[in-house]
Amino acid sequence: MDEGAFAAAKQGGEGAVVLTAHFGNPEILRALATLGDRWRVNVLVHTAHAVRFNRLIGEVSGSASVRVIQVTEVGPDTAILLQEAIARGEWIVMAADRVPVSGNERISWVPFLGEPAPFPQGPHILAGLLKCPVYLLFCLREGGRHRIRFERFADRIELPRKGREEALALSVGRYAARLESHLRIAPLQWFNFFDFWRPAGLQPPVSSDKFEGQ
């Protein structure tokens, strides 16, 4: 692990959003359990299998500090729950590499491994609403060992009313670029089993020529 970035985050004691990906699982569970040994970590999952995920977390560490919150969409009740968690200094962890399961179009098309790809705006919107530091967490298997990559992504994600879509696209694009940098090191550790660039028949709004050279 990047002990410097993690130590700084721990010392700060602030609530934070941690963006991760379907990368390095199930090793990422160990990383979350390790965080949970220090303070409460709330994991947002868009799945009907939150109970199973909770059980997996328990098998990894037995820590009661990791709480899984199942969501389809973040409504007012969930937003209040998460704001209260941030105020207590807790962390909110969510994957940011899957398009919305609800089928809505809150996505940004950004360059990713040579092609425009759709990434969800939701994690970035939520981080902006929570007004807290944002980190990235990935886990790679290197030389028979698992290495946690932990880095600061932003002090805050600012989404002004004017130019909001551009700000979202910029934040999503930065996340995609950081994910890509890790995938190039260990592409087979990315748990992706569908056409990531054209899921459910989605098509980019413009020609991919727009992304050339970016």
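Residues numbered from 1 in each chain as written. Predicted model: local features only at pLDDT ≥ 70, side-chain atom pairs only at ≥ 80, totals over all residues. Heavy atoms only, no water.

## What about the overall build of the chain?
Helix and strand counts for the chain come out as six helices and eight strands. Starting at the N terminus, the α and β elements of the chain follow one another as α-β-α-β-α-β-α-β-β-β-α-β-β-α. The burial tally for the chain puts 45% of its 214 residues in the buried class. Here the analysis covers contacts within the chain between residues at least 6 apart in sequence; of these, 73% occur between residues at least 24 apart. Of the accessible surface of the chain, which amounts to about 11,100 Å², a share of 52% is contributed by carbon and sulfur atoms. (Helix = DSSP H or I, 4+ residues; strand = E, 2+ residues; numbered from the N terminus. Buried < 20%, exposed > 50% of the residue type's maximum accessible area, 1.4 Å probe, protein only. Contact = heavy atoms within 4.5 Å. Areas by Shrake-Rupley, 256 points an atom, 1.4 Å probe, with all protein chains shown as cover.)

## With respect to the pairing of strand β8 (residues 145-154)
Side-chain positions along a regular strand alternate between the two faces of the sheet. Here strand β7 (residues 134-142) pairs with β8 via nine bridges, running antiparallel. In the sheet register, V134 faces β8, and the bridge partner there is A154. (Pairing = 2+ DSSP bridges.)

## Examining the confidence of the model for the chain
The predicted model of the chain averages 79 in pLDDT, with 73% of residues at 70 or higher. By mean pLDDT, the top-scoring element of the chain is helix α6 (residues 164-183) (95), and the lowest-scoring one is helix α2 (residues 27-36) (59). (pLDDT = per-residue confidence, 0-100.)

## Here's the deal with helix α5 (residues 122-130)
Judged by how many residues are buried, α5 sits mostly within the fold: seven of nine residues are covered. Two residues or fewer past α5, K131 is found with a positive phi of approximately 50 degrees.

## Here's the deal with the packing of aromatic side chains
To describe a pair of aromatic rings, one takes the distance between the centres and the angle between the planes. Considering all chains together, one arrives at 14 aromatic pairs under this definition. Here the aromatic rings of F112 and W190 are separated by 5.7 Å at their centres, their planes lie at 75 degrees, and the arrangement is edge-to-face. Placement of the pair is F112 in strand β5 (residues 107-112) and W190 in the segment after α6, with a sequence separation of 78 residues. F112 gets classed as buried once you look at its relative accessible area, which sits at 0%. (Phe/Tyr/Trp six-rings, centres within 6.5 Å; stacked < 30°, edge-to-face > 60°.)

## Re the pattern of salt bridges
In total, this model carries five salt bridges according to the counting rule given. Salt-bridge contacts for R88 lead to E90; the nearest nitrogen and oxygen are separated by 2.8 Å. Looking at E90, the relative accessible area reads 9%, which means it is buried. R178 is paired through a salt bridge with E151; the nearest N and O atoms lie 2.8 Å apart. Highlighted residues: R178 in helix α6 and E151 in strand β8, separated in sequence by 27 residues. On the basis of relative accessibility, which here comes to 31%, the residue R178 falls in the partly exposed class. (Salt bridge = Lys/Arg side-chain N within 4 Å of Asp/Glu carboxyl O.)

## Points about the packing of helix α4 (residues 76-87) against α5
The relative placement of two packed helices is expressed as an angle between their axes plus a distance between the axes. As a packed pair, α4 and α5 sit with axes 10 Å apart at the nearest point and diverge in direction by 55 degrees. Classified by the interaxial angle, the pair formed by α4 and α5 is oblique. Pair α4 / α5 crosses with right-handed handedness. Along the contact surface, α4 presents L82, Q83 and I86, while α5 presents L126, L129 and L130. Of the residues in the contact of α4 with α5, the class split is five nonpolar, one polar and no charged. (Axes fitted to C-alpha atoms, helices over the stretch in contact; angles between N-to-C directions. Parallel < 35°, antiparallel > 145°, perpendicular 65-115°, else oblique. Left-handed = near helix turned anticlockwise from the far one by under 90°. Nonpolar A, V, L, I, M, F, W, Y, C, P; charged D, E, K, R; others polar.)

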